[in-house]
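Coordinates in review
Each chain, written out:
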Amino acid sequence: MFAFHSDPHGNSGLYLTEADGTGVRLVSQKLAGDPFARWSPDGEELAFLSGSFGSGRLLIADLRGASERVVRSEPVSAFDWSPDGAMLIFEATSGGIWTVAPTQDAVPTRLLDTGHEPVWSPDGRSVAYFDGTDNLTDIYVMSADGSRPRRLTDNPAADYQPQWSPDGSQLAFVSERDSNSNLYLVGADGAGLRRLTSDPAPEENLSWAPDGKHVAYVSYRDGADPLAIGIGNAEIYTVEIATGQTVNISQNSAWDGDPAWSRDGNWIAFTRRTDHGDLWVMRPDGSGQAMLPGEPTPGFNDCCPVWRPLP
């Protein structure tokens, strides 16, 4: 099962579907801003933003009782669950990184005055984020309580979008240090920095395989514009961590993006856009591509799948 965004007749909503496309149901009609929801570690709740594009109130939908609660009314830009589900960490639109309990109108705790897109390590002991000016940002790691912030990268370019490897030993991230966005890898201690991709076209939107052996990502090497979603031929690639070998797995003239691995590693869900967006699934080697029904209302866009954690 995975959650996804759909906007029939322009009304944004958060939906669920089984992996075979059956059982589509509406979870909330309040989805807006960042269309990517986040599952709680036990798979029973979905946190999401409701507001303008790029930020909004932080809400949680409880799938057990079909209820909904507001955790944070002031605008939030990015957020993540702690691995034990006891806390959420978020970037406030007004500034700073905070933690908050996943309860109605909970009182947050400020960890840092600055920082962007915090993500918890798999063991819950650390948080990765990026910080700096618009054109000069670096990857940082701090303890989960906000202490001991440590810079992992130091380069006169933008490093951003850090994502922990499943075992927590490394971080993949996007860097513009070569006058173009490519994927890089660095150890959680700052050692072993290396480049993963090296195409002249932009590459971004990375997603780790559950076994940590590959990263799926979006490449614009076939002519798509990364600033114009749905226009041109964006492709989904994988890169093997051990060898750096890259493979185009979507191989379609449409715009393919938003790759998301299933928790067992057997499938990748993604968005394929022509004159609208559709949900698709494929095997990690690109075989078995199939379009799912999604929300079958005329004038819709389905996108941004997020798999439910395994029981």
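First, a word on what this report is: a plain description of the structure on this page. (Residues numbered from 1 in each chain as written. Predicted model: local features only at pLDDT ≥ 70, side-chain atom pairs only at ≥ 80, totals over all residues. Heavy atoms only, no water.)

Remarks on the environment of Gly56
- Inspection of the secondary structure puts Gly56 in strand β6 (residues 56-62).
- Given the relative accessible area of 6%, Gly56 is considered buried.
- Separated by 233 residues in the primary sequence, Gly56 and Gln289 have C-alpha atoms spaced 34 Å apart.
- Each residue touching Gly56, except ones within four places of it in the same chain, is listed here: Leu49, Ser50, Gly51, Glu74, Pro75 and Val76. (Helix = DSSP H or I, 4+ residues; strand = E, 2+ residues; numbered from the N terminus. Buried < 20%, exposed > 50% of the residue type's maximum accessible area, 1.4 Å probe, protein only. Contact = heavy atoms within 4.5 Å.)

Some points on the pairing of strand β11 (residues 116-120)
- Bridge count between β11 and strand β12 (residues 126-133): 3 bridges; the pairing is antiparallel. Bridge pairing links Trp120 to Val127 in β12.
- Linking β11 back to β12 in an antiparallel pair, the connection comprises 5 residues, with Gly124 at a positive phi of about 80°. (Pairing = 2+ DSSP bridges.)

Quick look at the pairing of strand β23 (residues 255-261)
- With 7 of its 7 residues buried, β23 lies for the most part within the structure.
- Where β23 folds back on strand β24 (residues 268-273), the antiparallel hairpin that results is connected by 6 residues, among which Gly265 adopts a positive phi of roughly 80°.

Some thoughts on the packing of aromatic side chains
- Counted according to the given criterion, the structure contains 8 aromatic pairs.
- Between Phe2 and Trp307 the ring centres are 5.0 Å apart and the planes differ by 65°, which places this aromatic pair in the edge-to-face class. Highlighted residues: Phe2 in strand β1 (residues 2-6) and Trp307 in strand β27 (residues 302-307), separated in sequence by 305 residues. The pair formed by Phe2 and Trp307 is uniform in burial state, with each residue classed as buried.
- Looking at Arg38, its charged tip hangs above the ring of Phe79, at a distance of 5.2 Å from the centre. (Phe/Tyr/Trp six-rings, centres within 6.5 Å; stacked < 30°, edge-to-face > 60°. Lys NZ or Arg CZ within 6 Å of the ring centre and 35° of its normal.)

Brief notes about the state of the cysteines
- The full count for this structure, using the stated rule, is 1 disulfide.
- Between the sulfur atoms of Cys303 and its disulfide partner Cys304 the distance amounts to 2.4 Å. In this structure, the disulfide formed by Cys303 and Cys304 twists by about -80° around the S-S bond and is classed as left-handed.
- By relative accessible area, which is 4% here, Cys303 ends up buried. (Disulfide = S-S within 2.5 Å.)

Remarks on the sheet that holds β1
- Judged by pairing direction, the sheet is antiparallel, and its 4 strands sit side by side in the order β3-β2-β1-β27 without closing on themselves. The open sheet has two free edges, formed respectively by β3 (25-28) and β27, since each of these has just one partner strand. Taken pair by pair, the neighbouring strands of this sheet meet at an average axis angle of 35°, ignoring direction.
- For β1 and β27, the ladder comprises 4 bridges, and the chain directions are antiparallel. (Axes fitted to C-alpha atoms, helices over the stretch in contact; angles between N-to-C directions.)

Purely geometric stuff here, so don't read any function into it on its own.
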